[in-house]
Amino acid sequence: MNSCIIIGAGMAGLTAARELTNYGWEVTILDKGRGVGGRMATRRIDHTRADHGAQYFSVRTPEFRQLLDQLTAEGIAEAWDLSEAGIEYPRYFGAQGMSTIPKYLAQGLNIALQERAILIEGDEASCRVTTESGNTFRADALLLTIPAPQALTLLGDSDLNLPEAEQGALQAITYQPCLAVIALLNQPSRIPAPGMQILETGGIEKVIDNQQKGIAPEQATVTIHATPAFSVEHLEGDLRAAGQKLLDQLTEWVPAESVTEYQVHRWRYSLAEVRHPEGYLEVPMPFPTLLGGDGFGMGNVEGAFQSGRQMARALIEGTNT
Ligand SMILES: Cc1cc2nc3c(=O)[nH]c(=O)nc-3n(C[C@H](O)[C@H](O)[C@H](O)COP(=O)(O)OP(=O)(O)OC[C@H]3O[C@@H](n4cnc5c(N)ncnc54)[C@H](O)[C@@H]3O)c2cc1C
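Under an unreviewed UniProt entry, the chain has the name FAD-dependent oxidoreductase and belongs to Salmonirosea aquatica.

Shown next, in the form of structure tokens:
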């Protein structure tokens with residue numbers, strides 16, 4: 001049986017794993033996180049919740065449309081009409097938070113959580129991935145679906161030197177950072193319908209009312225995404241102070257006295273800004289190794305899906321020829 005290790009249980013890794021599993025491959029996914037989903041993230045705050053990574057996604061390709069139809073039919077994803085906020089085409093989100101979607105996609109897959117890959121080794125016969133906890137995983141092939149700068153660090157730490165062209169291609173991929181604030185409120189927010197506003201002023205890119213969105217019915221929470229410029233400026237500084245600065249800009253919609261608690265999350269990699277033109281990159285290693293994720297192809301959630309799908313197809317076709 002063909003086997004594969006996938007590093008990263010985000011949209012790209014989960015999609016690749018589902019596709020390979022369907023073709024009879026034995027797949028092990030490793031993720032450093034406590035849950036699946038990567039940047040499709042939902043956080044519990046008190047007894048309610050807030051999405052703090054991707055807020056919604058669009059659908060452009062027939063393959064992704066097919067998955068979305070399945071997700072909406074099963075009540076896993078919902079459409080969000082954002083036309084009042086100036087977004088013309090519908091966007092979609094996880095019905096009980098964004099992480100509902102990766103959790104659904106992860107069902108039945110072999111996933112080892114809290115396993116941070118720190119070393120990749122191997123030869124023509126197999127690849128070996130060692131994790132921080134000291135476990136070692138073996139397979140015929142390797143897919144890396146982590147942000148390109150993290151992939152470069154992992155390959156470098158493993159003394160796997162890439163040829164100049166591949167090294168340059170990976171170094172060219174860049175991501176915007178994003179500071180995200182999630183605030184718990186003791187009353188509904190005054191963010192106008194439909195519960196999402198794009199501001200792009202005062203350091204705030206967008207603000208989301210998770211209650212109006214429908215993922216925090218019991219108690220209101222809001223999410224603020226800072227602009228890339230504000231995020232760069234405050235990335236290494238006092239995160240709470242930066243979060244307070246953002247909240248101070250919003251008192252008309254989120255009165256200071258309504259905020260009972262807030263948390264700030266630092267995303268070093270949010271949206272892929274400069275991407276590799278293809279859906280994945282094959283790198284020369286003794287064992288088949290492909291790199292993908294949202295830094296490849298069209299970017300964002302749908303791009304990660306397409307990248308994962310294309311990586312799996314390439315492996316399957318490679319073993320059929
Ligand atoms: C603030 C923010 C806003 C966004 N807004 C949007 C939006 O509006 N629309 C949209 O479509 N997209 C948006 N995105 C982007 C979208 O979330 C991503 O494009 C997509 O989720 C990327 O999926 P992925 O599988 O490529 O990577 P990820 O989701 O990052 O998955 C990679 C996984 O690899 C794991 N990992 C990393 N290193 C290791 C290691 N060494 N060992 C083991 N595991 C490791 C991580 O824990 C993670 O789970 C946003 C993202 C953020 C953060």
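Draft legend 1. Layout of the sheet that holds strand β16 (residues 221–226). With antiparallel pairing, five strands are arranged side by side in an open sheet as β14-β15-β16-β13-β17. Unpaired on one side and paired on the other, β14 (196–201) and β17 (259–267) mark the two borders of the sheet. Pairwise comparison of adjacent strand axes, ignoring direction, gives a mean angle of 15 degrees for this sheet. Sheet analysis places strand β13 (residues 178–185) next to β16, joined by five bridges and oriented antiparallel. The partner of Ala-183 across the bridge, within β16, is Val-222.

Draft legend 2. Spotlight on the pairing of strand β4 (residues 48–51). A two-sided burial pattern is seen for β4, the buried positions comprising Thr-48 and Ala-50 on one face and Arg-49 and Asp-51 on the other. Of the pairings in the sheet, the one linking strand β3 (residues 42–45) to β4 comprises four bridges and is antiparallel in character. Counted as the bridge partner of Arg-44 is Arg-49 from β4. What sits between the antiparallel neighbours β3 and β4 is a turn of two residues, in which Asp-46 has the positive phi angle 55 degrees.

Draft legend 3. Expanded view of the domain arrangement of the chain. Per the domain assignment, the segments making up the chain are domain 1 (3–42 + 98–174 + 276–320) and domain 2 (177–267). Computed from C-alpha coordinates alone, the two centres of domain 1 and domain 2 are separated by 32 Å.

Draft legend 4. Geometry of the environment of Gly-38. Following the sequence through the fold, Gly-38 ends up in the loop between β2 (26–30) and β3. Ignoring any residue separated from it by four or fewer positions in sequence, one finds Gly-38 in contact with Ala-9, Gly-10 and Trp-267.

Draft legend 5. Local environment of the pattern of salt bridges. Per the stated rule, a full pass over the model turns up eight salt bridges. As a salt-bridge pair, Glu-121 and Arg-128 come within 3.8 Å of each other at their nearest N and O atoms. Take Arg-128: its relative accessible area is 23%, and that puts it in the partly exposed class. Here the salt bridges share partners, and the residues they tie into one network are Glu-236, Arg-266 and Arg-268.

Draft legend 6. Seen up close, unusual backbone geometry. Each neighbour pair has its own omega, and for Ala-193 with Pro-194 the value is 10 degrees, a cis peptide bond. By the element assignment, Pro-194 lies in the loop between β13 and β14. Its identity is not glycine, yet Asp-159 carries a phi of approximately 60 degrees, on the positive side. Of note, Asp-159 is situated in the loop between α4 (148–157) and α5 (164–171). We classify Asp-159 as exposed; its relative accessible area is 64%. Phi is positive for Glu-200, close to 55 degrees, though the residue is something other than glycine. Relative to the helices and strands, Glu-200 is located in strand β14.

Scoring rules and cut-offs
Residues numbered from 1 in each chain as written. Predicted model: local features only at pLDDT ≥ 70, side-chain atom pairs only at ≥ 80, totals over all residues. Heavy atoms only, no water. Pairing = 2+ DSSP bridges. Helix = DSSP H or I, 4+ residues; strand = E, 2+ residues; numbered from the N terminus. Axes fitted to C-alpha atoms, helices over the stretch in contact; angles between N-to-C directions. Buried < 20%, exposed > 50% of the residue type's maximum accessible area, 1.4 Å probe, protein only. Domains from an automatic or database assignment. Contact = heavy atoms within 4.5 Å. Salt bridge = Lys/Arg side-chain N within 4 Å of Asp/Glu carboxyl O.

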